[in-house]
Structures are given as structure tokens and as C-alpha cells.
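Breakdown of the fold
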Amino acid sequence: MKLHIKINNKVTNWFDCMTGVKQGDNISPTIFSIFINDLVKEVNDLDLGFDLGERKVSMLLYADDIVMFAKTKEDLQSMLNVLHNWCKRWRVLINTDKSKCMHFRKGRTAQTDQIFTVGGNVLEMVETYKYLGVTFHYKGNFSINAEILAKGAGRALGKIISKIHNLKDIGLKTFEKLYVSGVTPILDYCSGVWGYRKFQTIDNIQHKAIRYFLGVHRFAPLIAINGDIGWLPSNYRRWLNMIRYWNRLINFDDHRLTKYVFKLDYTNGRSNWCSELKDVLIKLILNVHYENKSAVNLQTVSEKRNNYFSNIWRNSLPNVSKLRTYAKFKNVFKTENYTLLNLRKYERSMLTQFRCGILPLRIETGRYIGERPEDRLCSFCQSRSIEDECHFLINCTFYRDIRTDMFSDQLNKNNFTVLSDSDKLVQLVNNYPRKVAKFIVKSYLKRRKAIYNTR
């Protein structure tokens, strides 16, 4: 191979290079694999490692990363000695600062007191280690991995929010695209393997994004804001990643180690990845694919998953007393039209608070001072009615002029006047969200001024 060097727009004469390849050359990984192949043979010749059925696995390699497995501390040290001798022979340096040892064990089992060395370098014993982007814990759970991914995703979400915060109007589709492109890939990294559990730290990132867009505080009912924006909880999103990985495993060639391990996992079928996937498929009434070891249509999975969660969401509504009004006009899990409108941020925030039952009306604020619901009366009119969302939007005479100005066409229709107050509320909120948002903003400003002037 001939090379020359360019410095300050001047080049040297061509010269021969007898070692190495050009930086970024496509052949480099192949040459390295050939170069390191005899190390694999020497380690395998020790006949150490883990028995996986008819196979024995002692090490895994990805590019220049090496993982060694051993059942005993003596076996691992023997393998490290072979590694050291090979590196010494071929003048390969090991970064011992990044190389670690981990003792996988059950919770109450003490960590080994063995000191592992490569030549004269001592390797640190750790409880967690990141390998190919996934953080492994000595107990075998992925909680720490979820926390680390959530922190990274939180930083990405913060960057997105800082960029768009000063923009006047940004719609849900744009915000969702930014979130799905910049945050979700971090949260779901390799979730086809570990995604069968629910991790609150990951859910919190999605909740933060939803709250920011809708403009509500952290005490807003999650079931309501999820229902309005129409985003599935993160664990249901990971179901699709697991099934996508199942499809890949089914189609792998039988000679691959990954496929071999999958078959062993499937045969065992207890407290492992396959058993967790089976539970998911049973919930989606797709377990026939598990029994037949067949690929699953992802579009079908998506539809059944959405229906499954929609039923759970709908059945959960009556359990949240704060959503007394919300349940009147919302019983289907889907993205609400008002989130897609180009409302101002403050209008969207006030409408969401109204819908979720957290707008600071007497029915909401009264519970903070221990008032009984029947005593939380409106102090702005003489009706002696409870100041709830229906009274605020439909009946309170204090806001009559704003109501007449906003809903004059709707209020005078014959088919509207005969409706009950509850039905009028549903009609206005569902069919005229923009007008309702403007009414809430103007009326609440008038209400706040009245309270301030009274005080």
C-alpha cells in the first residue's frame, strides 16, 4: 500500500506502508477478525466456560470488545492468563482501566474475594458494567440500565424543549416527531431484550414530555393526559420491540449462537425472556404464534395492543374521582382534536386543566382546605351551586357576557337549549374546543381579577 501525507496544502512523496490499513477502510474489521481468531482458539482449547446444551461458550467478540465467561474464579484467571500471553506475543495492548470483572450472583451471595489480573495489572471488580450500550447488573436485572437510559433521554428531551420553548406555536405532530426521533430511541435502546418490565424512571420521561406540551403540572391525572394526547405508556410500546425481536430470532439460521440460545430459552420457558414474551402474546390473544414458533404480523400486534390498552384505560376512568367531568365527554383512548389545533400555549394549558379537573375552581381548591364537596359553592353568583366545570362553563351568571359572546350561535339553537347541563357541556367541549379554550381563558382571568380586587 502506498501513501503520502498532506500538510498545509503540500504533499510528500509517495512511500510504501507495510503495516495497517487506511483509517475507515472497509476491510479493517475483516482483517482484525482474522488476526484475533487464534486467540479464540487458544481460549477454547482450555475447555472452560459455560455449557449451553451441546455447546460450550467461553467468550463473545464484537469488533475489538471481548467478553469472557467462566463458572469459577480459577477458570476465569486461567483464561485471562491466555489472553495476556497472546497479547504479549503479538504486542497488543489492553486498556486495563476500561476492562472490568463482574461476579453475577444471587442477591445474598457474597462477591468473590479473588483478585483478577492481566499480567501485572489488577482488574477492578464492579457491580454494573455497560457493554454495547446496555448496562448489566450483577443480579441480572435491568433497573440500573433503565435509570441510565432515562437520564440520557431526559437530557435529550431537555435539549428539545430548550430549542422550541420560545417558538410561538408548535403543533402536536411536530412535537411528537421530535420526541419519537430524539428521545424514544434512547429510552427503547435494545428494549427487545429487556422491555418486558415496567420501569417508572422511563415512564417519567414520557410523562414529562406530555405535561410540557399540554401545559399542566405534575399532579395532573396521568390517565387523563395520556388519554388526551393518545400516547401509549412506554411499556406497551416496548411490547412491539420484543415481538419484532421474536420475529428476527425465528428467522435466524440455526447455526447462529443467538438462535441456539433462543431455543434453549424456549425449551426452558420459565422465568426467562421467552416466558415473558409468551405472557405478552397471551394478553394479545396471539399465543398461537408462540406455540407454533411463527412470526407475528406487526400491524396486527399494533392494533391488538392498542385495543388491549384502550380497554384497560376505559375501565380505569371510574377509579379516579377527580375525573368526574372528564368521564362525561371522553370514553375512547385517542388523540383529542384540541391537541392538534394551533391553540396558543396558554389556551391549550387552560383547556387541558379544565378537562382534567385540575383548573383551580372551588370544587378542586376546596379539598385542599378540607371542605366537603357539597360546601364548595360558587362565590361569584347567587345560585348556591357547586363551582364545578359544568357550572363554570354553562350556568354561572358571572360569565354570562363572555358566554354569550363566545357561544351565541350554539346557545340559541333549539336542539341545544333542550339539552341537560351535562349534555351541553359534552357538546361544547367535544365540538367547539377552540371556543371553549378562549372562554376558559377570558372567564378565568375575570374570576382572578374579582378575587384579587375583593382581597
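Residues numbered from 1 in each chain as written. Predicted model: local features only at pLDDT ≥ 70, side-chain atom pairs only at ≥ 80, totals over all residues. Heavy atoms only, no water.

What about the pattern of salt bridges?
How we decide: Note on definitions: salt bridges are taken to be side-chain nitrogens of Lys or Arg within 4 Å of carboxyl oxygens of Asp or Glu. What counts as a helix is a DSSP run of H or I of at least four residues, what counts as a strand is a run of E of at least two, and both are numbered from the N terminus. The classification of residues rests on relative accessible area computed with a 1.4 Å probe and restricted to protein chains. Under 20% of the type maximum is buried, over 50% is exposed, and intermediate values are partly exposed.
Within the structure shown, the criterion is met by 28 salt bridges. Where K100 meets E124, a salt bridge forms, and the shortest distance between an N and an O atom there is 2.7 Å. One end of the pair, K100, is in strand β9 (residues 100-102); the other, E124, is in strand β12 (residues 124-126), with 24 residues separating them in the sequence. The exposure class assigned to K100 is partly exposed, which follows from its relative accessible area of 29%. Linked through salt bridges whose partners overlap, the residues forming this network are D228, K330, K334, E336 and R355.

Quick look at helix α2 (residues 73-89)
The cut-off we apply is this: To estimate the expected span of a helix, subtract one from its residue number and multiply by 1.5 Å. Here, residues are in contact when the closest pair of their heavy atoms is within 4.5 Å.
Helix length check: α2, at 17 residues, gives a terminal C-alpha distance of 25 Å against a target of 24 Å (1.5 Å per residue), a fit within 8%. Taken together, the buried positions of α2 are D75, L76, Q77, M79, L80, V82, L83, W86 and C87. Considering only its buried residues, α2 is in contact with α1 (28-44), β8 (65-68), β9 and β10 (117-118). Following α2 by one or two positions, R91 has its phi on the positive side, about 55 degrees.

Here's the deal with the side chain of T325
What counts is decided by this rule: What qualifies as a polar contact is a pair of N or O atoms within 3.5 Å, subject to a donor-acceptor requirement within protein and to the restriction that residues adjacent in sequence count only when both atoms come from side chains.
Tracing the backbone shows T325 in the loop between α13 (298-316) and α14 (326-329). You can call T325 buried: its relative accessible area is 6%. One polar contact links T325 to E389, side chain to side chain, over a distance of 2.8 Å. Excluding residues that lie within four positions of it along the chain, T325 makes contacts with E389 and L425.

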